[in-house]
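Here is what each chain is made of, one letter per residue.
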Amino acid sequence: MSGAHLSLQNLACLRGGRLLFAGVDLELRAGGSGQIAGPNGVGKSSLLRVVAGLLQPYAGSVAREGAVALADELDALDRDRTVHGALGFWARIDEAPLERIDAVLADLGIGHLADIPVRMLSTGQRKRAALARLMVSGAPIWLLDEPANGLDVTAAAALGPLVERHRTAGGIVLCASHLPLAWAQDVTITLAPPQEAGAE
Amino acid sequence: MIRAIILRDLARAFRSGGAWLPLAFLLLIAALFPCAVGPNATLLAGAGGGMLWIAALLASLLPIDRLIEPDRESGVIDQLVLRGAGEGTILLAKGVAHWLSFGPPLLIAALPAGALLKLAPETLQTVMIGLALGTPGLAALAILVAALTAGLRGSGALTGLLVLPLAVPILIFGAGALQFGGGSALKLVATCSLFLCVAAPIAGGAALRAGRD
């Protein structure tokens, strides 16, 4: 994964007739880490979705080298399957080895939940299962949307070493969060609410 | 990837009632119909084939609210798109899975249902061929409508309105094959079915893409 690269140029996003942000530049190379900060509703999640390719940018361009994995507020896990079974579906799609699931679950401290149906999980446990989906994929570029939401203090702190390990292996982490994160940032983009043109 | 989606959707369909549901549904209608119109064998044999067609259409629509919306809501479709799957490909896979979950069970159920409705063997054969040709189209239609209405509140009534005009050609030619004995009507069923199988993933995919903004 050493060739991973993420570059945003002059990115702008228009949603519902409202310009959320404009002129966002970012350059992350293998091992890089960035945070998108800013208050609620400023477009942090939209920026991540643009980077992931799920939203079309209004202007500017996104260049990615390497696969992306996104963990947002939607866990994309089948609620009536076990944690292991639901992750297994994604592992098959990503052509990742199934043994990786157990290792990742242990890393996230939810190894004991492998055989529990996803619908029985608590908010924090489901968040960690969604992070497990991201880690199992083996994609070099991680896009995290408020990864510490719903996690207890210990679990949130435990994310730090996992992210550092991913970066050491040559991965890239771009994280949207209004809170300080448990790992060091190379770049921080602070999105501010846009000035309404011509307002009052 | 298509294979993984088909297997997952099939497993989900079978867990939630699955293959038994369309089977029981068709037999239920075939059993109720003689009770409603009376046990007159000529009447049953005349109307029974069309009845089977209506039952097949309704059976294809039974799980329509579970085809796309749960996956859109839980982010599964986002994650698949993220991995490079086109929306059309996803819908194609879902359409195949949907057909597998109700088409073959329906064809099996048509045999005892034909007996309940006192259908002549050649009529039953025409119905079966027609269903085999038409159900893929009905599955594609269900997928298309499910994609169009995904994310809408109270889409139940809308679903019916959207399905009706598009399902009518298959129904007309399928039931028409029974009256006019065959060949050309069945070819028209196949034509409608093929058209829907091609158009549904394309149109539904566009709807999913538009709905993501």
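That block above? That's the structure.
My aim in this report is to walk through the structure given alongside it, one point at a time. The model shown is predicted, which means the values in this text are computed figures rather than measured ones. (Residues numbered from 1 in each chain as written. Chains lettered and ligands numbered in written order. Predicted model: local features only at pLDDT ≥ 70, side-chain atom pairs only at ≥ 80, totals over all residues.)

**A closer look at the overall build of chain B**
The condition is simple: Elements are defined by DSSP. Helices are runs of H or I of four residues or more, strands are runs of E of two residues or more, and each kind is numbered from the N terminus. We take the radius of gyration over the C-alpha atoms and set the globule estimate at 2.2 Å times the residue count to the 0.38 power. Any residue with 12 or fewer other C-beta atoms within 10 Å of its own C-beta is exposed, any with 20 or more is buried, and the rest are partly exposed; the C-beta atoms used are placed from the backbone. Residues are scored as being in contact if the C-beta atoms we place from backbone atoms lie within 7 Å.
When you go through chain B residue by residue, the secondary structure sums to nine helices and zero strands. At 18 Å, chain B has a C-alpha radius of gyration in line with the 17 Å of a compact globule built from 213 residues. If one aligns the C-alpha atoms of chain B with their principal axes, the spans along those axes are about 55 × 35 × 30 Å. Of all 213 residues assigned to chain B, the portion counted as buried reaches 45%. Considering only contacts within chain B whose residues lie at least 6 apart along the sequence, 84% involve residues at least 24 apart.

**Some points on the overall build of chain A**
The secondary structure content of chain A amounts to five helices and eight strands. The order of α-helices and β-strands along chain A, N terminus first, is β-β-β-α-β-β-α-α-α-β-α-β-β. In terms of overall dimensions, chain A is globule-like: its C-alpha atoms have a radius of gyration of 17 Å, near the 16 Å expected for 200 residues. By its C-alpha atoms, chain A is 55 × 35 × 30 Å across when sized along the principal axes. Counting over 200 residues, chain A shows a buried share of 42%.

**Notes on the interface of chain A and chain B**
Note the threshold: Gly counts as polar in this scheme, as do all residues outside two lists: the nonpolar Ala, Val, Leu, Ile, Met, Phe, Trp, Tyr, Cys and Pro, and the charged Asp, Glu, Lys and Arg.
Between chain A and chain B, the contact holds 16 residues from the first and 15 residues from the second. Elements that contribute at least two residues to the side of chain A that touches chain B include exactly strand 5 (68-71) and helix 2 (83-93) of chain A. With three residues, the single largest contributor to the side of chain A that touches chain B is helix 2 of chain A. For the side of chain A that touches chain B, a count of residues per class yields nine nonpolar, one polar and six charged.

**Some remarks on helix 2 of chain A**
Among all positions of helix 2 of chain A, only A:Val83, A:Ala86, A:Leu87, A:Phe89, A:Trp90 and A:Ala91 are buried. Positive phi shows up at A:Glu95, right after helix 2 of chain A, with a value of about 55 degrees.

**Topic: the nonpolar core**
What counts here: Think of a nonpolar core as buried Ala, Val, Leu, Ile, Met, Phe, Trp, Tyr and Cys residues, each tied to the set through C-beta atoms within 7 Å.
By size, the foremost hydrophobic cluster in this structure holds 125 residues, and its most contacted members are A:Leu143, B:Leu26, B:Leu141, B:Ile143 and B:Ala147. No other element matches the 15 residues that helix 7 (residues 121-149) of chain B contributes to this core. Beyond its immediate stretch of four places on either side in the chain, B:Leu26 contacts B:Ala55, B:Ala59, B:Leu106, B:Ala109, B:Ala110 and B:Ala113.

**Observations regarding the environment of B:Gly75**
Here B:Gly75 is to be found in the loop between helix 4 (69-73) and helix 5 (76-82). Linking B:Gly75 and B:Leu32, residues 43 residues apart in sequence, is a C-alpha distance of 41 Å. Contact partners of B:Gly75, with chain neighbours within four places excluded, come to A:Asp72, A:Leu74, A:Asp75 and A:Ala76.

**Quick look at the pairing of strand 1 (residues 5-15) of chain A**
All names here are of chain A. Under the convention used in this document: Two strands pair if DSSP finds at least two bridges between them.
Alignment of strand 1 against strand 2 (residues 18-29), held across eight bridges, turns out to be antiparallel. When the sheet's bridge partners are listed, Leu6 is paired in strand 2 with Leu28. In terms of strand pairing, strand 1 meets strand 4 (residues 59-65) through six bridges, oriented antiparallel. Paired with Leu6 across the two strands is Arg64, which belongs to strand 4.

**What to know about the environment of A:Arg119**
Residue and element names in this part refer to chain A. Along the chain, Arg119 falls in the loop between helix 3 (99-107) and helix 4 (123-136). Between the C-alpha atom of Arg119 and that of Val83, which follows or precedes it by 36 residues, the distance is 9.2 Å. Not counting chain neighbours up to four residues away, the residues in contact with Arg119 comprise Arg79 and Asp80.

**A few points about the sheet that holds strand 7 (residues 172-176) of chain A**
All names here are of chain A. Just so we agree on the cut-off: Lines fitted to C-alpha atoms define the axes, with helix axes restricted to the stretch in contact, and inter-axis angles between N-to-C directions lie between 0 and 180 degrees.
What the five strands build is an open sheet, ordered 5-6-7-3-8; its pairing is parallel. In the strand order of this sheet, the two ends are held by strand 5 and strand 8 (187-190), each with one partner. Strand-to-strand twist of the sheet, defined as the mean angle between neighbouring strand axes without regard to direction, takes the value 15 degrees. Relative to strand 7, strand 3 (residues 33-37) runs parallel, the two sharing four bridges. Bridge pairing links Gly34 to Leu174 in strand 7. Against the sheet, helix 4 contacts strand 5 and strand 6 (141-145), and its axis sits at roughly 180 degrees relative to strand 5.

**What about the sheet that holds strand 2 of chain A?**
Residue and element names in this part refer to chain A. Ordered in space as 2-1-4, the three strands form an open sheet in which the pairing is antiparallel. The outermost strands of the open sheet, each flanked by one partner alone, are strand 2 and strand 4. Across the sheet, the mean angle from the axis of one strand to that of its neighbour is 20 degrees, orientation sign disregarded. The strands that helix 1 (residues 44-52) touches are strand 1, strand 2 and strand 4; relative to strand 1, the one it contacts most, it runs at about 125 degrees.

**So, the packing of helix 2 (residues 20-37) of chain B against helix 3 (residues 41-61) of chain B**
All names here are of chain B. Just so we agree on the cut-off: Left-handed describes a crossing whose near helix is turned anticlockwise from the far helix by less than a right angle; the clockwise case is right-handed.
Helix 3 packs onto helix 2 with a crossing angle of 145 degrees between their chain directions and a minimal axis gap of 10 Å. Helix-helix and strand crossings are classified by hand; for helix 2 and helix 3 the assignment is right-handed. Between helix 2 and helix 3, the residues in contact are Pro22, Phe25, Leu26, Ile29, Phe33, Pro34 and Val37 and Leu43, Leu44, Met51, Ala55 and Ala59, respectively. Grouping the constituent residues of the contact of helix 2 with helix 3 by class yields twelve nonpolar, no polar and no charged.

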